[in-house]
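Residue-level listing of the chains:
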Amino acid sequence: HGYTRVDDGSVVLSPADQATLDGMLLDRVLAKRERAWERSDELRQKLREAGVSVNDGESTYSLKPPAPPKPPKQSQPARPTHHGYTRVDDGSVVLSPADQATLDGMLLDRVLAKRERAWERSDELRQKLREAGVSVNDGESTYSLKPPAPPKPPKQSQPARPTH
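Basis of the calculations
Residues numbered from 1 in each chain as written. Predicted model: local features only at pLDDT ≥ 70, side-chain atom pairs only at ≥ 80, totals over all residues. Heavy atoms only, no water. Pairing = 2+ DSSP bridges. Helix = DSSP H or I, 4+ residues; strand = E, 2+ residues; numbered from the N terminus. Contact = heavy atoms within 4.5 Å. Axes fitted to C-alpha atoms, helices over the stretch in contact; angles between N-to-C directions. Core = buried A, V, L, I, M, F, W, Y, C linked by side-chain atoms within 4.5 Å. Buried < 20%, exposed > 50% of the residue type's maximum accessible area, 1.4 Å probe, protein only. Polar contact = N/O pair within 3.5 Å; in protein donor to acceptor, adjacent residues only side chain to side chain. Salt bridge = Lys/Arg side-chain N within 4 Å of Asp/Glu carboxyl O.

Draft legend 1. Looking closely at the sheet that holds strand 5 (residues 134-137). Within the open sheet, the three strands sit side by side as 4-6-5. Their pairing is mixed. Strands at the two margins of the open sheet, each flanked by one partner only, are strand 4 (86-87) and strand 5. Sheet analysis places strand 4 next to strand 6 (residues 142-145), joined by two bridges and oriented parallel. Residue pairing for strand 6: Thr 86 is matched across the bridge by Thr 142. Lying over the sheet, helix 3 (residues 97-115) contacts strand 4, strand 5 and strand 6, oriented at roughly 145° with respect to strand 6.

Set out below in C-alpha cells:
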C-alpha cells in the first residue's frame, strides 16, 4: 500500500489487526486508482472510526488511542444520597443503626421534597420528625434529638366521698 506509520507507537496492534489495517489501506489505494471514490471514502471513514488517521499527501497513517468511555448523560440532576444535616445535640439520645437509617431517610426525603417544591410533603415530614422528637433547623442544616418525656404517673383515683 505504500503508507508509513508515523505515530508514537503507543497503540500496539496484534499481527491479525495489523494485517486487517494493511488490507484496508491497500483496498483504499486500489479504489483510488480505479477512481472508485465512494468506495475510497467508505474505507477512509471505516479507518477513521477505527482510530486510524490517513494523510494521503504524505502517504502516512497514525493510530489514535481509543477515547475513554463517556459517562452516561443524566437528564436530571443526580439524586443526593445524603441529607446534608448535622446533628448538634448533646448526644444523650442514642439511636440504633436502624433508627438512625430511618431518621436519615426521612431527612433526605424532606430535602428532596423541598427541592421539588413539594411543600405539603415537606411539611408532613417535618411534623413526623417533630413528633419523633427531632428538631430541624433548615437555616443551619442541623438537627437535634430531644429525650423522650418521662412517663406520666398513672392517675390515682380519689377516694369516694361519703354521702350523708
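Draft legend 2. Structural view of the sheet that holds strand 2 (residues 52-55). Read across the open sheet, the three strands follow the order 1-3-2; overall the sheet is mixed. The sheet is open, and its two edges are formed by strand 1 (4-5) and strand 2, each paired on a single side. Bridge analysis of strand 1 against strand 3 (residues 60-63) gives two bridges, and the strand direction is parallel. Of the residues in strand 3, the one forming a bridge with Thr 4 is Thr 60. Docked against the sheet, helix 1 (residues 15-33) engages strand 2 and strand 3, running at close to 145° with respect to strand 3.

Draft legend 3. Summary view of the nonpolar core. Core analysis: the largest hydrophobic core is formed by 12 residues, namely Tyr 3, Val 11, Leu 21, Met 24, Leu 25, Val 29, Leu 43, Leu 47, Val 52, Val 54, Tyr 61 and Leu 63. For this core, the element with the most residues is helix 1, which contributes four residues. Beyond its immediate sequence surroundings of up to four residues, Leu 43 is in contact with Met 24, Asp 27 and Arg 28. Formed by 11 residues, the second largest nonpolar core is a distinct cluster that contains Tyr 85, Val 134, Val 136 and Tyr 143.

Draft legend 4. Region of the structure containing the environment of Asp 89. In this structure, Asp 89 sits in the loop between strand 4 and helix 3. Separated by 56 residues in sequence, Asp 89 and Leu 145 have C-alpha atoms that sit 6.4 Å apart. Ignoring any residue separated from it by four or fewer positions in sequence, one finds Asp 89 in contact with Tyr 143, Ser 144 and Leu 145. There is a polar contact of 2.8 Å between the side chain of Asp 89 and the backbone nitrogen of Gly 91.

Draft legend 5. The pattern of salt bridges, seen in detail. Across all of its chains, the model carries 10 salt bridges by this definition. Ionic pairing is found between Glu 124 and Arg 121, a salt bridge with its closest N-O pair at 3.9 Å. On the criterion of helical spacing, the pair formed by Glu 124 and Arg 121 is a turn pair, its members being three residues apart in helix 4 (residues 119-131). A salt bridge links Asp 138 to Arg 126; the shortest N-O distance between them is 3.0 Å. Of this pair, Asp 138 sits in the loop between strand 5 and strand 6 while Arg 126 sits in helix 4, placing them 12 residues apart in sequence. Where salt bridges share partners, they join Arg 28, Lys 32, Arg 44 and Asp 56 into one cluster.

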